[in-house]
Amino acid sequence: YMPPEQGQGRQIDRRADVYSLGIVLWEMACGSRPHADAESTVQSTGGQRLREFLELRRAQIPPCNGSIPIGLEMVLRRSIAADPEKRYPSAKAMSTALRGLQQLERARRRSPSVDGLRQFIRRNLLWIILKIGIECYYYVALRHSKTGL
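Described in the following lines is the structure provided in the data block. Computed from a prediction, not measured in an experiment: that's the story for all the values here.

The rules behind each value
- Residues numbered from 1 in each chain as written.
- Predicted model: local features only at pLDDT ≥ 70, side-chain atom pairs only at ≥ 80, totals over all residues.
- Heavy atoms only, no water.
- Disulfide = S-S within 2.5 Å.
- Helix = DSSP H or I, 4+ residues; strand = E, 2+ residues; numbered from the N terminus.
- Buried < 20%, exposed > 50% of the residue type's maximum accessible area, 1.4 Å probe, protein only.
- Patch = residues over 30% accessible without salt bridge, like charges linked within 9 Å, V, L, I, M, F, W, Y side chains within 5 Å.
- Areas by Shrake-Rupley, 256 points an atom, 1.4 Å probe, with all protein chains shown as cover.
- Salt bridge = Lys/Arg side-chain N within 4 Å of Asp/Glu carboxyl O.
- Contact = heavy atoms within 4.5 Å.

Attention shifts here to the state of the cysteines. The full count for this structure, using the stated rule, is one disulfide. Between the sulfur of Cys 30 and that of Cys 64 lies a disulfide, 1.9 Å long from S to S. Taking the torsion about the sulfur-sulfur bond, which here is approximately -125°, the covalent link between Cys 30 and Cys 64 counts as left-handed. You can see Cys 30 sitting in helix H2 (residues 14-30) and its partner Cys 64 sitting in the loop between helix H4 (50-57) and helix H5 (70-79), a full 34 residues away along the chain. Of the two residues, Cys 30 and Cys 64, both sit in the buried class.

On the surface, a nonpolar cluster with roughly 740 Å² of combined accessible area is contributed by Leu 126, Trp 127, Leu 130, Ile 134, Tyr 137 and Tyr 138. Summarising the element assignment, Leu 126 is placed in helix H7 (residues 114-147). Residue classification places Leu 126 among the exposed positions, given a relative accessible area of 56%.

Taken residue by residue, H5 has Gly 71, Glu 73, Val 75, Leu 76 and Ser 79 as its buried positions. Residues of H5 that are buried sit in contact with H2 and helix H6 (91-110).

The structure is reproduced here in structure tokens:
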């Protein structure tokens, strides 16, 4: 959970904590470590030097298992960026981003969607068909009563 800059002996700041938190949250959300490939490479080669391991960490992080919203994955990816300049400047900034996602999710749940409409129709299909049938019957009956048929 050590950020790359710490392993390279460079100065660390609050972004190092953001990195460590991001790794923990990634594991919780995705069920795996984001740098599992780099870790297995180090283990299989008998333990490369730390500098080489840190370079492997800079490689592309594979996508999460698809079970989390893309917005959350983007926040987590930013928090575990190898370059500290690309991370959130503080845990508070990361928290603000996560709260923004939470608000978007709440708004999405409140607004009607195509999927919501589809689910409503599936659940109520029989009643919808009956209602349309009754309306058609009354329309035809009313039309016939006016024309005298």
